[in-house]
Amino acid sequence: VKVGILLSGRGSNMQALVRAAQGSDCPYEVVLVASDKPDAPGLAWAAEQGIATFSLSPKGIGKPAFEAEMTAMLRHAEVEVVALAGYMRLLSDRFVGDWRGRIVNIHPSLLPKYKGLDTHARAIAAGDAVAGCSVHVVTEELDAGAVLGQAEVPIHPGDDADSLAARVLIEEHRLYPRILSEFVRS
Ligand code: GRF
């Protein structure tokens, strides 16, 4: 199954997905990495791996044209499933409709808890004993689609948002390739 990855920054989850795809029994291949940020570090890494990359800023052209171009590039690459990996822009209802049920995302909380930003600081402030990450289907409503899989980590006394984020990120890198593989097989 051909997968296209959208990212906006570092791209460590994209790297985990690409590395897993290099395994012989992986049911997906990463055929395109695209970004709304031309200088996203993840984009450069993907290009170095020989993966087709594409970047386009919505600045100046507006969101509908930007997303139409994204869809055109994804279709040109014959992408069947779109995986968001630190893609920091809200997708329009139109884009979600065009890819209905075929967009997945990784979110750094145990959904339905802590949708949106600053998940780790919010989990610590709430006094939670566990945090984690979720892979879910993307729908029109932010971080609200069906959860496909989750991983938990403990929150330790003395944790701050950064130390917790680092612990969760390790699990993100394990969870996302596993759940994406299950998803494309189903
Ligand atoms: C990850 O924590 C992911 O869960 C969230 O944004 C972060 C992206 O990190 N959606 P990276 O770009 O994959 O390194």
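Residues numbered from 1 in each chain as written. Predicted model: local features only at pLDDT ≥ 70, side-chain atom pairs only at ≥ 80, totals over all residues.

Peer 1: Explain the pairing of strand β4 (residues 81-84) to me, using residue names and the numbers behind them.
Peer 2: In terms of strand pairing, strand β1 (residues 2-7) meets β4 through 4 bridges, oriented parallel. Across the sheet, Val3 pairs through a bridge with Val81, a residue of β4. This β-α-β element, β4 to helix α4 (residues 93-98) to strand β5 (residues 103-107), shows right-handed connectivity. (Pairing = 2+ DSSP bridges. Helix = DSSP H or I, 4+ residues; strand = E, 2+ residues; numbered from the N terminus. Right-handed = clockwise from strand over helix to strand, strands pointing away.)

Peer 1: How would you sum up helix α2 (residues 41-48)? Please name residues and give values.
Peer 2: Quick reminder: α-helices carry 3.6 residues per turn. Residues three or four places apart thus point the same way. Residues of α2 that are buried: Gly42, Leu43 and Ala46. The buried residues of α2 occupy an angular sector of 100° when the element is viewed end-on, so they sit on one face. In α2, the exposed positions that point more than 90 degrees away from the buried face belong to Ala44, Ala47 and Glu48. Along its buried surface, α2 packs onto β1, α1 (12-21), β2 (29-35) and β3 (53-55). Two residues or fewer after α2 comes Gly50, characterised by a positive phi angle close to 85°. (Buried ≥ 20, exposed ≤ 12 C-beta atoms within 10 Å, placed from the backbone. Arc of directions from axis to C-beta. Contact = placed C-beta atoms within 7 Å.)

Peer 1: So what's going on with the site of the ligand? Residues and values would help.
Peer 2: Taken together, 15 residues are adjacent to the ligand, and Arg10, Ser12, Asn13, Gly86 and Pro108 come closest. Elements represented by at least two residues in the shell around the ligand include exactly α1, β5 and α6 (161-185). Broken down by class, the residue content of the shell around the ligand amounts to 6 nonpolar, 7 polar and 2 charged. (Near = placed C-beta within 6 Å. Nonpolar A, V, L, I, M, F, W, Y, C, P; charged D, E, K, R; others polar.)

Peer 1: Explain the UniProt feature "binding site: (6R)-10-formyltetrahydrofolate" (unreviewed entry) in the protein to me, and be specific about the residues and the numbers.
Peer 2: Within this structure's numbering, the places UniProt gives as "binding site: (6R)-10-formyltetrahydrofolate" (unreviewed entry) are Lys63, Met88, Arg89, Leu90, Leu91 and Asn105. For Asn105, the location among the structural elements is in strand β5. If we ignore the near neighbours within four places in the chain, the residues touching Asn105 are Leu84, His136 and Val138. (UniProt positions renumbered as here; feature names shortened; annotations may be inferred.)

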